Amino acid sequence: MSSRRAGPDNFTLALLATVALASLLPCHGEAARVFDMVTDAAIALLFFLHGAKLPRAAIMQGLTHWRLHLTVFAGTFVLFPLLGLALQPLGHALLTPELYLGVLFVCTLPSTVQSSIAFTSIAGGNVAAAVVSASMSNLIGIVLTPLLVGLLLTSSGGGVSWRGVPDIMLQLLLPFALGHAARRRIGGWVDRHRPLLGYTDQGTILLVVYTAFSAAVVGGLWRDTPASALFATLAMCALLLALVMPTLTWAARRLGFSRGDEITIVFCGSKKSMASGIPMAKILFAGQLGGLGALVLPLMIFHQLQLMVCAVVARRYATRAAATDDTLEAD
């Protein structure tokens, strides 16, 4: 996916086409069970490859710039969930219960990797720190996201219980750990074929979206979800970004970070990963597939919105840096 464009990219168009296909030709019965098994296998492969991709050195390096990483993690795993809870009255008033739970789920997810690094680079930030911070966010998110989901969604009337969280963590963490353990043998091959991981990410997401929306359409998603709730979901996702990005900017400056570190904090701390989020949703909400389509819809909206907003913000950072350099040269 290109992070340099503000408009819809090919993958976003593929997502929209998948939703349309599931709406017109939803799978059900035996076909749905087959798709369900295929997506389970794809998710296991996805996390195995992510484990094989992450170098041990990146994990160790994450300990050196701990103030920056703690600030990013606080934005990702503390600020977002608190804002999601604070918006509960608005969510209950404007959204369906499934859509609001989907917004809460967005708030629990780790940061993106590729686009966070890309935007940090465009803006002239600390790219090395972004690589480590985004990678560590995804590693920690495998454990922390299910815990946050169990806490937030149960307290808000969701269908995830604390009893299932350890099993969910094992389903996500075990393939990742096996992949990381196998990195010594297959890491070189994975590094040489990084586009394969991108195709695995996108293919897995499209599979889960198709099965989720098929089940949701059969269960009456479009019949029971008013258009006003969809527009309200877009507005709530925009509000989350509008609150998080300035807060992270203010916090980075108050804590005395450099401009490069501030950029890393803003872009890594404000992003949410659809590549991790949709496969996680498939496992976390396995018992309520009829509502999974509505639960992942806010993540799909937030994904495209964050790309468009961050593209604009990154260009502004870059423009200011260029203007500052020109001023210094003139002096």
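These remarks concern the structure in this document. These numbers come from a predicted model, not from an experiment.

What follows concerns the overall build of the protein chain. Helices and strands together make up the secondary structure of the protein chain, namely 16 helices and 0 strands. Per-residue burial over the protein chain gives 51% buried out of 331 residues. Of the contacts made within the protein chain by residues no fewer than 6 positions apart, 86% connect residues no fewer than 24 positions apart. Carbon and sulfur atoms make up 67% of the accessible area of the protein chain, which amounts to about 14600 Å² in all.

Tallied over the full model, the rule gives 4 aromatic pairs. Pairing F267 with Y317 gives two aromatic rings, centres 6.1 Å apart and planes at 65°, and the pair type is edge-to-face. Here F267, found in helix α14 (residues 259-269), pairs with Y317, found in helix α16 (residues 292-330); they are 50 residues apart in sequence, far enough to count as distant. Overall, the relative accessible area of 0% leaves F267 in the buried class. On the basis of relative accessible area, Y317 is assigned to the buried category, the value being 7%. Linked through ring pairs, F119, F267 and Y317 together constitute an aromatic cluster. Lying over the aromatic face of F257, R67 brings its terminal NZ or CZ to 4.6 Å of the ring centre. Residue placement shows R320 over the ring face of Y317; its charged tip is 5.9 Å from the ring centre.

Before going further, it helps to examine α14. For α14, the tally of buried residues reaches 10 of 11 residues, placing the bulk of the element in the interior. Regarding α14, the residues found buried are G260, D261, E262, I263, T264, I265, V266, F267, C268 and G269.

For any two helices packed against each other, one specifies the crossing angle of their axes together with the interaxial distance. Two numbers describe how helix α4 (residues 66-86) lies on helix α6 (residues 97-108): the axes approach to 7 Å, and their chain directions differ by 160°. If you check the angle between α4 and α6, you find them roughly antiparallel. The way α4 lies across α6 gives a crossing that is right-handed. Along its contact with α4, which presents T76, F77, F80, P81, G84 and L85, the element α6 presents Y100, L104, C107 and T108. In terms of residue class, the contact of α4 with α6 is made up of 7 nonpolar, 3 polar and no charged.

The next point concerns the nonpolar core. Grouped together as the largest cluster of nonpolar side chains are 85 residues, with contacts concentrated most on F105, F267, F285 and M300. Tallying contributions element by element places α16 first for this core, with 14 residues.

Here the focus is the packing of α4 against α14. Where α4 contacts α14, the axes come no closer than 9 Å and their chain directions differ by 30°. Between α4 and α14, the interaxial angle falls into the category roughly parallel. Crossing angle aside, the handedness with which α4 passes α14 is right-handed. Together, L68, T71, V72, G75, T76 and F80 of α4 and D261, T264, I265, C268 and G269 of α14 make up the contact between the two elements. Residue composition of the contact of α4 with α14, grouped by class: 5 nonpolar, 5 polar and 1 charged.

Turning to the side chain of N138, a few remarks are in order. If you trace the backbone, N138 turns up in helix α8 (residues 127-155). Of the polar contacts made by the side chain of N138, one reaches the side chain of S276; its length is 2.8 Å. Excluding residues that lie within four positions of it along the chain, N138 makes contacts with P110, S111, T112, V113, S273 and S276.

Together, L21, L24 and L25 make up an exposed nonpolar region whose accessible area comes to about 340 Å². Mapping L21 onto the fold places it in helix α1 (residues 10-24). Assessed through its relative accessible area of 41%, L21 is described here as partly exposed.

This structure, assessed with the given rule, holds 2 salt bridges. When the shortest N-O distance is used, the salt bridge between E30 and R33 registers 2.9 Å. Here the residue E30 and the residue R33 both occupy positions in helix α2 (residues 30-53), the gap between them amounting to 3 residues, near one helical turn. Close ionic contact of R253 with E262 constitutes a salt bridge, the shortest N to O distance being 3.0 Å. Judged by relative accessible area, which is 51%, R253 ranks as exposed.

This paragraph deals with the environment of T18. Relative to the helices and strands, T18 resides in helix α1. Residue classification places T18 among the buried residues on the basis of a relative accessible area of 12%. In sequence terms T18 and S214 are 196 residues apart; their C-alpha atoms lie 9.8 Å from each other. Excluding its chain neighbours within four sequence positions, the residues that come into contact with T18 are L206, V209 and Y210. Separated by 2.8 Å, the side chain of T18 and the backbone oxygen of A14 make a polar contact.

Quick notes on the rules
Residues numbered from 1 in each chain as written. Predicted model: local features only at pLDDT ≥ 70, side-chain atom pairs only at ≥ 80, totals over all residues. Heavy atoms only, no water. Helix = DSSP H or I, 4+ residues; strand = E, 2+ residues; numbered from the N terminus. Buried < 20%, exposed > 50% of the residue type's maximum accessible area, 1.4 Å probe, protein only. Contact = heavy atoms within 4.5 Å. Areas by Shrake-Rupley, 256 points an atom, 1.4 Å probe, with all protein chains shown as cover. Phe/Tyr/Trp six-rings, centres within 6.5 Å; stacked < 30°, edge-to-face > 60°. Lys NZ or Arg CZ within 6 Å of the ring centre and 35° of its normal. Axes fitted to C-alpha atoms, helices over the stretch in contact; angles between N-to-C directions. Parallel < 35°, antiparallel > 145°, perpendicular 65-115°, else oblique. Left-handed = near helix turned anticlockwise from the far one by under 90°. Nonpolar A, V, L, I, M, F, W, Y, C, P; charged D, E, K, R; others polar. Core = buried A, V, L, I, M, F, W, Y, C linked by side-chain atoms within 4.5 Å. Polar contact = N/O pair within 3.5 Å; in protein donor to acceptor, adjacent residues only side chain to side chain. Patch = residues over 30% accessible without salt bridge, like charges linked within 9 Å, V, L, I, M, F, W, Y side chains within 5 Å. Salt bridge = Lys/Arg side-chain N within 4 Å of Asp/Glu carboxyl O.

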